[in-house]
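Structural features, examined
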Amino acid sequence: MTDAQETAEATTLRTTGGAPPDDVDSAPIPLLEPREGIPPVVADSDALAAVVAAFAAGTGPVAVDAERASGYRYGQRAYLVQLRREGAGSALVDPVGCPDLSTLGDAIADAEWVLHAATQDLPCLREIGMTPSRLFDTELAGRLAGFARVGLGAMVENVLGFALEKGHSAVDWSTRPLPEPWLRYAALDVELLVDLRDALEAELDRQGKLEWARQEFAAIAAAPPAPPRKDPWRRTSGMHKVRRRRQMAVVRELWTARDQIAQRRDVSPGKVLGDAAIIEAALNAPANASALAALPGYGHRMSRKQLEQWQAAVDRARAIPEHELPQPGQPLTGPPPPRAWADKDPVAAARLSAARTAVSALAERLTMPQENLIAPDTVRRLCWEPPADPTPETVAEVLAAHGARPWQIEQVTPHLLKALTTPEA
């Protein structure tokens, strides 16, 4: 039996619920160790040039990962980039010391990049000049293959039989110098990423899903950067408590003031003022800084100057003319919320119920999450405004127009067509 066959057999046991042999259960899982030790951090142009040359001369796929300082710094910039390639070994690159990594990106532009949860890292990699032309996403591959747990640590353990060190994923990666245990953790994240890719490719091929995965990876690589979110203040945690337009204006003014301060200080907005404090001010509309200080989130630790700057935001919201106040909710660009369908269009609600049931059953048969089989929003849009003459061709056209990939269209079209033409009562 080849290594790939052994890996596929082990993966099959885990994805189909089979139990591994008793001796596998009882054997301790070895902790992964760096094969060449922890590489030095690349933080200047000379060291970067050496890494660029090494990775350009390497062969095969390139494992890529990035560490951010979410919860500590403003935005989602990369504070460490990890790479590994056959013939080049591993590299840890500091984007603070080397803010432009376009030469590195160019050196590996023709290679397949292997990332775990690619959509999380691609935006920050793009900011420093690194954009793949093709990729393999091990997290998404795990979802398509039917793994219940698709975190990197769980995947490496279940598929390759090694345990990754834990405990540093949520640290402040903007810290300088980076502690050695953190660097070790970061280097190990790419140590077996290509091995994991190879094992998952074999498993996807065994399940007949490899072409599906390739279409998904191509769609991620080709996707343009996400546009700025409209009215991001509406995503403030606890916003569901805010009902009146004047209260919404308070949330907007406080959110905007907080965002400006956080950006100027380069800290996470939550460290400037919590979402719960914003909602409290909106609901209570304090008349002055003293009243504001009595609300949760503004207590005795906050200086008078800080209180006054937040009270100024509340006062600005209070002064906005009635006709300029924000409207409740965001303008709908698609179907209404499904909970409203039964009243607005009972027939459409029946179509949606039938479609959801069909997609759920199909996803279970294919052992993958429903959202990876077809985007729920795509199903809603199809059921709310179905083609006038539902046929395999017209349904496929609607799905494609909403971004469904060919494999998805092939799998779900017969089932969605049935839901459109014979909805449940």
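Reading guide: rules and limits
As a convention, each chain's residues are numbered from 1 in the sequence order in which they are written. Local features in a predicted model are, by the rule used here, given only for residues with pLDDT of at least 70; side-chain atom pairs are given and counted only at 80 or more, and totals for whole chains, interfaces and linings are based on all residues. Here the side-chain values reflect all heavy atoms present in the structure, with hydrogen atoms and water set aside. Aromatic contacts are taken between Phe, Tyr and Trp rings whose centres are within 6.5 Å, Trp giving its six-membered ring; a plane angle under 30 degrees counts as stacked, one over 60 as edge-to-face, and the others as tilted. Secondary structure follows DSSP: runs of H or I at least 4 residues long count as helices, runs of E at least 2 residues long count as strands, and numbering of each begins at the N terminus. Each residue is placed in one exposure class: buried if its accessible area under a 1.4 Å probe, protein chains only, is under 20% of its type's maximum, exposed if it is over 50%, and partly exposed if it falls in between. Any Lys NZ or Arg CZ found within 6 Å of a ring centre and within 35 degrees of that ring's normal is scored as a charge over the ring. For helices, the fitted line uses only the C-alpha atoms of the stretch in contact; every axis is such a line through C-alpha atoms, and the angle between N-to-C directions lies from 0 to 180 degrees. An angle below 35 degrees is treated as roughly parallel, one above 145 as roughly antiparallel, one from 65 to 115 as roughly perpendicular, and anything else as oblique. Rotating anticlockwise by less than a right angle from the far helix to the near helix defines a left-handed crossing, while the corresponding clockwise rotation defines a right-handed one. In this analysis, two residues are considered to be in contact whenever any of their non-hydrogen atoms come within 4.5 Å of each other. Basically, the charged four are Asp, Glu, Lys and Arg, the nonpolar ten are Ala, Val, Leu, Ile, Met, Phe, Trp, Tyr, Cys and Pro, and anything else, Gly included, counts as polar. When DSSP locates at least two bridges between a pair of strands, those strands are taken to pair. Expected span of a helix: the number of residues minus one, times 1.5 Å. Note that the bend at a residue is defined as the angle between axes fitted to the seven residues ending at it and the seven residues starting at it. UniProt positions are given in the numbering used here, feature names are shortened, and annotations may be inferred rather than shown by experiment. Only buried Ala, Val, Leu, Ile, Met, Phe, Trp, Tyr and Cys residues count toward a nonpolar core, and they belong to the same one when joined by side-chain atoms within 4.5 Å.

1. Focus on the packing of aromatic side chains
Evaluation of the coordinates by the stated rule reveals five aromatic pairs. Their ring planes at 50° and their centres at 4.8 Å tell us that Trp341 and Trp384 sit as a pair that is tilted. Here Trp384 lies in helix H19 (residues 376-384) and Trp341 lies in helix H16 (residues 341-344), a separation of 43 residues in the sequence. For Trp341, a relative accessible area of 0% puts it in the buried group. In this structure Trp384 comes out as partly exposed when scored by relative accessible area, which is 22%. Through a chain of ring-to-ring contacts, three or more aromatic side chains come together here, namely Trp173, Trp182 and Tyr185. In this arrangement the basic side chain of Arg77 is found over the ring face of Tyr79, its NZ or CZ atom lying 4.6 Å from the centre.

2. Brief notes about the packing of helix H7 (residues 152-160) against helix H9 (residues 193-207)
The interhelical angle for the contact between H7 and H9, taken along N-to-C directions, is 60°, at an axis separation of 10 Å. By the criterion of interaxial angle, the relationship of H7 to H9 is oblique. When you trace H7 past H9, the crossing you get is left-handed. Contacts from Leu152, Met155, Val156, Val159 and Leu160 in H7 reach Leu193, Asp195, Leu196, Ala199 and Leu200 in H9.

3. Quick look at the packing of helix H6 (residues 138-145) against H9
Two numbers describe how H6 lies on H9: the axes approach to 10 Å, and their chain directions differ by 25°. Of the possible angle classes, the one that applies to H6 and H9 is roughly parallel. When you trace H6 past H9, the crossing you get is left-handed. Residues Thr138, Ala141, Gly142, Leu144 and Ala145 of H6 form the contact with H9, whose participating residues are Leu193, Leu196, Arg197, Leu200, Glu203, Leu204 and Gln207. When its residues are assigned to classes, the contact of H6 with H9 shows seven nonpolar, three polar and two charged.

4. Quick word on the sheet that holds strand S3 (residues 78-86)
The six strands are arranged S1-S4-S3-S2-S5-S6 in an open sheet whose pairing can be described as mixed. On the outer flanks of this sheet lie strand S1 (41-42) and strand S6 (135-137), each paired with one strand and no other. Across three bridges, the pairing between strand S5 (residues 113-115) and S6 is parallel. What sits directly across from Leu115, in S6, is Asp137. Strands strand S2 (59-68), S3, S5 and S6 of the sheet are contacted by helix H5 (residues 118-127), whose axis makes an angle of about 80° with S2. Where H6 meets the sheet, it contacts S5 and S6, and its direction lies at approximately 55° from that of S6.

5. With respect to the pairing of strand S4 (residues 89-93)
The buried count for S4 comes to five of five residues, which makes it a mostly enclosed element. Remark: two residues form the turn of the hairpin made by S3 and S4, two consecutive strands paired antiparallel; Gly87 in that turn has positive phi of roughly 90°.

6. A word on helix H21 (residues 406-421)
The end-to-end C-alpha distance of H21 is 22 Å, a good match for the 22 Å that 16 residues give at a rise of 1.5 Å each. Of all bends in H21, the biggest is about 45°, found at Val412, and the proline Pro414 comes one to four residues later. Burial in H21 covers these residues: Trp407, Gln408, Ile409, Gln411, Val412, Thr413, Leu416, Leu417, Ala419 and Leu420. Buried residues in H21 make contact with H6, helix H10 (210-222), helix H17 (346-365), helix H18 (370-373), H19 and helix H20 (392-401).

7. Observations regarding the UniProt feature "domain: HRDC" (unreviewed entry) in the chain
The UniProt entry lists residues 244-324 under the feature "domain: HRDC" (unreviewed entry), expressed in the numbering used here. Summarising residues 244-324: 69% helix, 0% strand, and an end-to-end C-alpha distance of 13 Å.

8. Description of unusual backbone geometry
Most peptide bonds take the trans form, and the phi angle of most residues other than glycine is negative. Omega for the bond connecting Arg176 with Pro177 falls within 30 degrees of zero, at -5°, which places this linkage in the cis form. Although it is not a glycine, Ala285 sits at a positive phi angle of roughly 45°. Of note, Ala285 is situated in the loop between helix H13 (275-284) and helix H14 (289-293).

9. Side note on the nonpolar core
With 85 residues, the main nonpolar core has Val81, Leu83, Leu101, Leu104, Met130, Leu135 and Leu373 as its most contacted residues. Here this core takes eight residues from H17, the largest share from any one element. Each residue touching Leu135, except ones within four places of it in the same chain, is listed here: Glu112, Trp113, Leu115, Ala118, Leu122, Phe217, Ile220 and Ala221. In terms of nonpolar packing, the next biggest core, distinct from the first, is built from 32 residues, Ala277, Ala281, Ala289 and Met302 among them.

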